[in-house]
Amino acid sequence: MAKVPFLDLKRLNAPYMDSLKDAACSVVDSGWYIRGHFCELFERAFAEYCGTKYAVGVGNGLDALSLMLRASMELGRLHEGDEILVPSNTYIATVLAVSAVGLKPVLVEPAENSYDMNPELLKNACGARTRGILVVHLYGRLCAMDEICEFANSRDLLLFEDCAQAHGARLRDGRSAGSFGSAAAYSFYPTKNLGALGDAGMVVTNDADVANIVRALGNYGSEQKYVNKFKGVNSRLDEMQAALLLAKLPHLDSWNERRREIAARYSREIKNSKVLLPEIPSTPSEHVWHVFAVRLKNEESRVELQKFLEKRGIGTLIHYPIPPHLQEAYAGEFNGEFPIAESMAKTVLSIPMSPVMTDDEVSEVIGAINEF
Ligand SMILES: *Cc1c(COP(=O)(O)O)cnc(C)c1O
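Below, the structure is looked at part by part. The written sequence of each chain sets the order in which its residues are numbered from 1. Local features are withheld for residues below a pLDDT of 70 in this predicted model, meaning they are given only at 70 or higher, and side-chain atom pairs are given and counted only at 80 or more; totals for whole chains, interfaces and linings count all residues. To get the side-chain values, take all heavy atoms of the structure and skip hydrogens and water.

1. What about the nonpolar core?
Point 1. Residues enter a nonpolar core if they are buried and are Ala, Val, Leu, Ile, Met, Phe, Trp, Tyr or Cys, with the set joined through side-chain atoms within 4.5 Å. Whether a residue is buried, partly exposed or exposed follows from its accessible area with a 1.4 Å probe, protein chains only, as a fraction of its type maximum: under 20%, in between, or over 50%, in that order. Ranked by size, the top nonpolar core spans 52 residues in total, and within it Phe 42, Phe 46, Ile 133, Leu 159, Tyr 186, Phe 188 and Leu 194 carry the most contacts.
Point 2. In DSSP terms, a helix is any run of H or I states spanning at least four residues, a strand is any run of E spanning at least two, and both are numbered starting from the N terminus. Looking at this core, the element that brings in the most residues is helix H3 (residues 37-50), giving seven residues.
Point 3. Domain start and stop positions are those given by an automatic or database domain assignment. Summarising the domain contributions, this core has at least three residues from each of domain 1 (9-108 + 115-250) and domain 2 (252-371).
Point 4. What makes two residues a contact is simply this: any of their non-hydrogen atoms within 4.5 Å. Non-local contacts of Phe 188, meaning those with residues more than four positions away in its chain, are made with Phe 42, Phe 46, His 167, Leu 194, Gly 195, Ala 196, Gly 198, Ala 200, Gly 201, Met 202 and Leu 245.
Point 5. By size, the runner-up hydrophobic cluster in this structure holds 35 residues, among which are Leu 65, Leu 103, Ala 185 and Phe 230.

Okay, structure coming up:
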């Protein structure tokens, strides 16, 4: 085991062992394992947490993304081939969801200070067939939502959010990730800020039609048993994951607060001219620090820092080494050049960040980077 692992999931869940076991036992005992009591309770609790009217549990984050888009297509608000603007430096799942449902992803470069979609470039990328924007609150930082919402409204674009890294991120006025557009997708993959003990996802929305259609799509396209309104899929939140997530949700805000503390220490105490630190937003609640990504001057320097930290037993990861437009799966599909996404892929390095890191571990990371 590394001295400071990048993320230790066992340590993260261990303090809640009793309540997790109780939750699991209740599910076993109930005799009902998919879309039941716990799913309903967790959906209600998570909708309330996000400040939305509805939440629909699905199998994972990728399905949450694709089903929320498909719901808009079934409602006739989006049509096959319509363009959706997505960030050029996102995780591949965002792009996969758009193309999987027959929409066309159009990549928009990020702002270098926030790593998030640049609202100015968003405006340039918007063309005659653009019908929607799918923002990603990458690394846990809310995008410039006031500006983006205003732009979406002015052009009559549908606004969607990929909140897979941003559970609990909020504007100063309390508005939460997932509450800004027509629908938003969450992932509860075990490493996320709120993680299940398996796969799980959620669509949140204020639109009853979207919620109902997502629910039907995830259940073979059926609202009524054996009656199929849509060509659906099987993507449902199971009772076990719902019960475990329900037990963990009350702790999410304090975990995010601890992440902010660690981010603040990194920002104050890491002092190395070779290592560029991420910006802390002026409203701290806007960032939930799913990832703390530093940048190096170039790829060589990144390799050196990663090796240097590895020798000292400090785990790091790269989010993400290959941007979507350079993936073999999308060869030749994207027009234009994406130098910012490419440069980020070569120079970012994520250092340990999790609510269960001790102060000593944080000091260890800071000391090592300052020595580099
Ligand atoms: C994790 C993640 C997803 C996909 O979630 P899964 O539950 O793994 O399918 C989508 N988008 C982003 C930005 C993610 O980080």
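2. Digging into the packing of aromatic side chains
Point 1. When two rings of Phe, Tyr or Trp (its six-membered ring) have centres within 6.5 Å they constitute a pair, described as stacked for plane angles under 30 degrees, edge-to-face for angles over 60, and tilted for the intermediate range. In total, this model carries 13 aromatic pairs according to the counting rule given.
Point 2. Aromatic pair Phe 42 and Phe 188: ring centres 5.4 Å apart, planes at 70 degrees, arrangement edge-to-face. Remark: Phe 188 occurs in the loop between strand E6 (183-187) and strand E7 (201-205) and Phe 42 occurs in helix H3; sequence separation between them is 146 residues. The exposure classification of Phe 42 matches that of Phe 188, with both residues buried.
Point 3. One aromatic cluster is present, built from ring pairs that chain together Phe 42, Phe 46, Tyr 49, Tyr 186 and Phe 188.
Point 4. Here the basic side chain of Lys 274 rests over the ring of Phe 372, its NZ or CZ set 4.2 Å away from the ring centre. Sitting over a ring, as applied to charges here, requires NZ of Lys or CZ of Arg to be within 6 Å of the ring centre and within 35 degrees of the ring normal.

3. Regarding the site of the ligand
Point 1. Taken together, Asn 60, Gly 61, Leu 62, Leu 65, Tyr 91, Ala 93, Val 136, Asp 162, Ala 164, Gln 165, Ser 187 and Lys 192 form the complete shell of residues around the ligand.
Point 2. Any N or O atom pair separated by 3.5 Å or less is treated as a polar contact, with the protein-specific requirement of one donor-capable and one acceptor-capable atom, and with residues adjacent in sequence counted only for side-chain atom pairs. Here an oxygen atom of the ligand and a backbone polar atom of Gly 61 are 2.7 Å apart.
Point 3. Leu 62 is positioned such that a nitrogen or oxygen atom in its backbone is 2.9 Å from an oxygen atom of the ligand.
Point 4. By residue number, the principal contributor to the shell around the ligand is helix H4 (residues 61-74), which donates three residues. For each residue, the test is whether any non-hydrogen atom lies within 4 Å of the molecule or strand; if one does, the residue is near.

4. Considerations on the sheet that holds strand E4 (residues 130-136)
Point 1. Being paired, for any two strands, means DSSP has found at least two bridges between them. Spatially, E1-E7-E6-E5-E4-E2-E3 is the arrangement adopted by the seven strands of the open sheet, whose pairing is mixed. Whereas interior strands pair on both sides, the edge strands pair on one side only; in this sheet they are strand E1 (54-58) and strand E3 (104-108). Averaged over all adjacent pairs, the angle separating strand axes in this sheet is 25 degrees, with direction ignored. In this analysis, axes come from line fits to C-alpha atoms, helices being fitted only over the stretch in contact, and the angle between any two N-to-C directions falls in the range 0 to 180 degrees.

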